Amino acid sequence: MTGSGKVATSNGNHSNGHSNKPADYTARENQTDEAKKIQCYLTPEEFRAVRIMQEDTYPYEVIQEIADFIVKGSGMRPRIGIICGSGLGSLADIIQDAKVFEYEKIPNFPVSTVEGHAGKLVVGNLEGACVMAMQGRFHFYEGYPLAKCSMPVRVMKLCGVEYLFATNAAGGINPKYMVGDIMLMHDHVNMLGFAGNSPLQGPNDPRFGPRFPALVNSYNKDLINKALEIGKAMGIESNMHVGVYSCLGGPTYETIAELKALRLMGVDAVGMSTVHEVITARHCDMKVFAFSLITNKCSIEYDDKRDQEANHEEVMAVAKNRQKACCELVSRLIREIHAMPPSGTQAAKTGV
Ligand SMILES: O=P(O)(O)O[C@@H]1C[C@H](O)[C@@H](CO)O1
Ligand SMILES: Nc1nc2[nH]cnc2c(=O)[nH]1
């Protein structure tokens, strides 16, 4: 595309066929050699933007630019990042003094394409803490490579975020789980990783983290324990579990044979997100808290007489019903974190 939105053909003609060069070509002489080689009439800035859109991984400098845009635009430096799962966008609605950025208006940011994911980044205050929340995440099934799906986690890091709160809607495989229950994630099975996909694939930038990060203890135990205490205080402890999540590529829900296999592997809840975000967060040494809202029960029996077919409408409806409890859990946990000194200080070294 040219800056005027017209497509330049390989011989340099415009697709309208009337002229060899676009009228504003003289203003575009400052092209990169690479752009000249392919007779592309993009300005260097446009050319760079197109390359970024096509690349799987974002260079550090581009992520820094996005982070600067958010920090400058909001005038805030968030300490906690929240990713809202399907139908859980209300987690961002409770943020006060909010500065809202639509994804389309953030330079080099992908756009949300799924219902229940509004596509807004909300920066503001929650329980006294400065937070940034993604009202809309990116999924592999939308066509985004994993590195792009979890790129916003790196943006969070460069904005100053220390804690990632990742939430999701998931199907309950553990037969004890009921619709509406909350499962605090204490581990995951990375099925996309089994298939050779990772958000860390490609050259490693050590400014983010090591080439071979360890993932044991990825889910912060102190935060899990605090959340359990909060659940007790809220009177929802019988609807709370600690379990293992697995992410599949989607967008299909699972077959019964797949669910049986996952259960054999020790998986309690299954979804289509979060794991690559957690990997990216741990790679750059963020503390992670994550939970699944169980929006449907996954039947692992062929002769189950109940209508067990998962669907996105049901997922959204259950999330809407349980948003109050999810918001309260998140708010209370953030209040506790806010009461703790920032990590790096002497006192914090002994805390979470
Ligand atoms: O973004 P999350 O993981 O919460 O969304 C789940 C997985 C699919 O995107 C969708 C299926 O209903 O909900
Ligand atoms: N993969 C998957 N994702 C979900 N998200 C909400 N429910 C489900 C489910 O049953 N399976």
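Just so you know, these numbers come straight off a predicted model, no measurement behind them.

Right, let's get into the site of ligand 1. Taken together, 13 residues sit near ligand 1, with H139, Y141, Y253, S273 and H312 positioned nearest. Separating an oxygen atom of ligand 1 from a side-chain N or O atom of H139 is a distance of 2.7 Å. At a separation of 2.7 Å, an oxygen atom of ligand 1 approaches a polar side-chain atom of H312. Contact with the protein chains removes 96% of the 340 Å² of surface that ligand 1 exposes when unbound. Within the residue set of the shell around ligand 1, elements represented by two or more residues are strand 5 (163-172) and helix 11 (312-338). Broken down by class, the residue content of the shell around ligand 1 amounts to five nonpolar, seven polar and one charged.

The next thing to look at is the site of ligand 2. Every residue close to ligand 2 is listed here: A169, A170, G171, Y253, E254, V270, G271, M272, T295, N296, C298 and V315. Contact between ligand 2 and N296: a nitrogen atom at 2.7 Å from a side-chain N or O atom of the residue. Within the complex, the protein chains bury 95% of what would otherwise be the 280 Å² of accessible surface of ligand 2. Elements represented by at least two residues in the shell around ligand 2 include exactly strand 5, strand 8 (269-271) and strand 9 (287-297). In terms of residue count, strand 5 provides more of the shell around ligand 2 than any other element does, three residues in total. Split by residue class, the shell around ligand 2 holds seven nonpolar, four polar and one charged.

Quick notes on the rules
Residues numbered from 1 in each chain as written. Chains lettered and ligands numbered in written order. Predicted model: local features only at pLDDT ≥ 70, side-chain atom pairs only at ≥ 80, totals over all residues. Heavy atoms only, no water. Near = heavy atom within 4 Å. Polar contact = N/O pair within 3.5 Å; in protein donor to acceptor, adjacent residues only side chain to side chain. Areas by Shrake-Rupley, 256 points an atom, 1.4 Å probe, with all protein chains shown as cover. Helix = DSSP H or I, 4+ residues; strand = E, 2+ residues; numbered from the N terminus. Nonpolar A, V, L, I, M, F, W, Y, C, P; charged D, E, K, R; others polar.

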